[in-house]
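The residues making up each chain are set out below.
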Amino acid sequence: SSFKSTDTFPKFAVLGIPGALINNKVIVSNVLPDLNGTTGEEMAKEIGIEHVIYLNDFNVNGYSIQSKVLENNIDYIQLNPGVDPEPNTTKGMIGAGTGLGMGYLTKTPAMKYYSVHSSEGGSMDFAPTSELQERYRKFLSDILKVQCPSVEMACCGSSISNIYRFFETIEKVNGDEGIKAEMHQAFGNQDKLTKLNQKIIEYGISNKCLLCKRVVDFFIEIYGSITGNFAISMLPFGGIYLLGGVSSALANYMQSTDIFMKNFVNKAGLNMLLEKIPVYVIINTNLGVSGAAVFARKIIEEGTIEKMC
């Protein structure tokens, strides 16, 4: 639809798109398949403005993260208080939500802004660190019909219900009868499963359901291990940021236990190195909008709008 304003008219827009992008073109987006193969320039013509710049919807958060105005207990909480970021060093992003997004930021002292980089690390093979995790990997392989499940398959929003089903089959843990009934009703219905995943988290962190708590603790164990693997590949001494709806829902619970941090630093002799990396959980789930604004300001200051399009 057209913009309606008698006073101002936007020159360009910055849009976060879920999927892989190259040179302002959507290569593949499973969430918005109608945009596959389209460019920001084509979108600009469609909506009647000069320029549209596409950014990966996960990476757009990076432009908020680089900002110095994020507030503790409002925008984020820190899982290892007292560990400070090193200035001008790499920052990492990992986000358990609909999928498992990853990205990173780099900067030199001479640069005003961080550069934000994409990663498809969510497609890495899931590497179990215990016999129980190995059984879970085999379970995922069977139900998802894939030989090598990815870390995204093992640890994202939709994996909560899969972990629940896994524990139902191997352990005799008392579970909430209502959730058990909903699990069977929700099978194959993504909207119902999404709501059920949220309920399992809620019941787990509040101790309303022992089985749900078991699921949440196991999820956090895997999340910590995967995040540690990601961290040793880039050494983000500027901090690693946990994004996504699942991360924010679990933030206070993760802070109250040592499950995440214990698995984060448990890397074959590198624990002392990983202990120097600040770990932040983003609890403000609207940072993407401010990130788009920071990016817009950046390219206006640098005069690089034309190069981006």
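About the thresholds
- Residues numbered from 1 in each chain as written.
- Predicted model: local features only at pLDDT ≥ 70, side-chain atom pairs only at ≥ 80, totals over all residues.
- Heavy atoms only, no water.
- Phe/Tyr/Trp six-rings, centres within 6.5 Å; stacked < 30°, edge-to-face > 60°.
- Helix = DSSP H or I, 4+ residues; strand = E, 2+ residues; numbered from the N terminus.
- Buried < 20%, exposed > 50% of the residue type's maximum accessible area, 1.4 Å probe, protein only.
- Lys NZ or Arg CZ within 6 Å of the ring centre and 35° of its normal.
- Core = buried A, V, L, I, M, F, W, Y, C linked by side-chain atoms within 4.5 Å.
- Contact = heavy atoms within 4.5 Å.
- Arc of directions from axis to C-beta.
- Polar contact = N/O pair within 3.5 Å; in protein donor to acceptor, adjacent residues only side chain to side chain.
- Pairing = 2+ DSSP bridges.
- Axes fitted to C-alpha atoms, helices over the stretch in contact; angles between N-to-C directions.
- Salt bridge = Lys/Arg side-chain N within 4 Å of Asp/Glu carboxyl O.

1. Notes on the packing of aromatic side chains
Thought 1: Applying the stated rule across the entire model yields 13 aromatic pairs.
Thought 2: Their ring planes at 80° and their centres at 5.2 Å tell us that Tyr-76 and Tyr-280 sit as a pair that is edge-to-face. A residue pair is termed long-range when its members are at least 10 positions apart, and Tyr-76 in strand 5 (residues 76-78) and Tyr-280 in strand 10 (residues 279-282) qualify at 204 residues.
Thought 3: A relative accessible area of 17% places Tyr-76 in the buried class.
Thought 4: Its relative accessible area of 7% is what places Tyr-280 among the buried residues.
Thought 5: With centroids separated by 5.4 Å and ring planes inclined at 80°, the aromatic side chains of Tyr-136 and Phe-218 adopt a geometry described as edge-to-face. Taken together, the residues Tyr-136 in helix 3 (residues 131-144) and Phe-218 in helix 8 (residues 210-234) connect sequence positions 82 residues apart. Of the two residues, Tyr-136 and Phe-218, neither departs from the other in class, the shared state being buried.
Thought 6: Taken together through their ring pairs, the aromatic side chains of Phe-126, Tyr-136, Phe-139, Phe-166, Phe-167 and Phe-218 make up a single cluster.
Thought 7: Above the plane of the ring of Tyr-203 lies Lys-208, whose end atom (NZ or CZ) is 5.1 Å from the centre.

2. Points about the nonpolar core
Thought 1: If you look at the biggest cluster of nonpolar residues, it comprises 57 residues, and the most contacted ones within it are Tyr-136, Phe-260 and Phe-264.
Thought 2: It is helix 8 that provides the largest number of residues to this core, a total of 13 residues.
Thought 3: Non-local contacts of Tyr-136, meaning those with residues more than four positions away in its chain, are made with Phe-126, Met-153, Ala-154, Ser-159, Ile-163, Phe-166, Phe-218 and Ile-222.
Thought 4: Phe-58, Tyr-114, Val-116 and Val-294 belong to the second-largest nonpolar core, a separate cluster that totals 26 residues.

3. Quick notes on unusual backbone geometry
Thought 1: The phi angle at Asn-24 is positive, at roughly 60°, despite the residue not being glycine.
Thought 2: Within the secondary structure, Asn-24 sits in the loop between strand 2 (20-22) and strand 3 (25-28).
Thought 3: Relative accessible area serves as the criterion here: at 9%, Asn-24 is assigned to the buried category.
Thought 4: Its identity as a non-glycine residue notwithstanding, Ala-268 has a phi of 35°, on the positive side.
Thought 5: The topology assignment puts Ala-268 in the loop between helix 10 (259-265) and helix 11 (271-274).

4. Structural notes on helix 6 (residues 177-186)
Thought 1: For helix 6, the complete set of buried residues consists of Ile-179, Met-183 and Ala-186. The arc that holds the buried residues of helix 6, viewed along the axis, is 80°, so those residues lie on one side. The exposed set on the far side of helix 6, more than 90 degrees from its buried face, consists of Glu-177, His-184 and Gln-185.
Thought 2: On its buried face, helix 6 sits against helix 5 (159-170), helix 7 (190-205) and helix 8.
Thought 3: The N-capping residue of helix 6, defined by a side-chain oxygen 3.0 Å from the backbone nitrogen of Gly-178, is Asp-176.

5. Brief notes about the sheet that holds strand 9 (residues 240-243)
Thought 1: Spatially, 6 strands are ordered 5-10-9-6-7-8 in an open sheet, and the strand pairing comes out mixed. Either end of the sheet is taken by a strand with one partner, and the two such strands are strand 5 and strand 8 (115-119). Sheet twist, expressed as the mean angle between neighbouring strand axes with direction ignored, is 25°.
Thought 2: Strand contacts of helix 8: strand 6 (91-96), strand 7 (100-106), strand 8 and strand 9, with the helix running at about 155° to strand 6, the strand carrying the most contacts.

6. Focus on the pattern of salt bridges
Thought 1: On inspection of all chains with the given rule, the structure shows 8 salt bridges.
Thought 2: Among the salt bridges present, the one from Lys-112 reaches Glu-301, with a minimum N-O distance of 3.2 Å. With Lys-112 in the loop between strand 7 and strand 8 and Glu-301 in helix 12 (residues 287-302), the pair connects residues that are 189 residues apart, well separated along the chain.
Thought 3: Here Glu-301 falls in the partly exposed class, since its relative accessible area comes to 44%.

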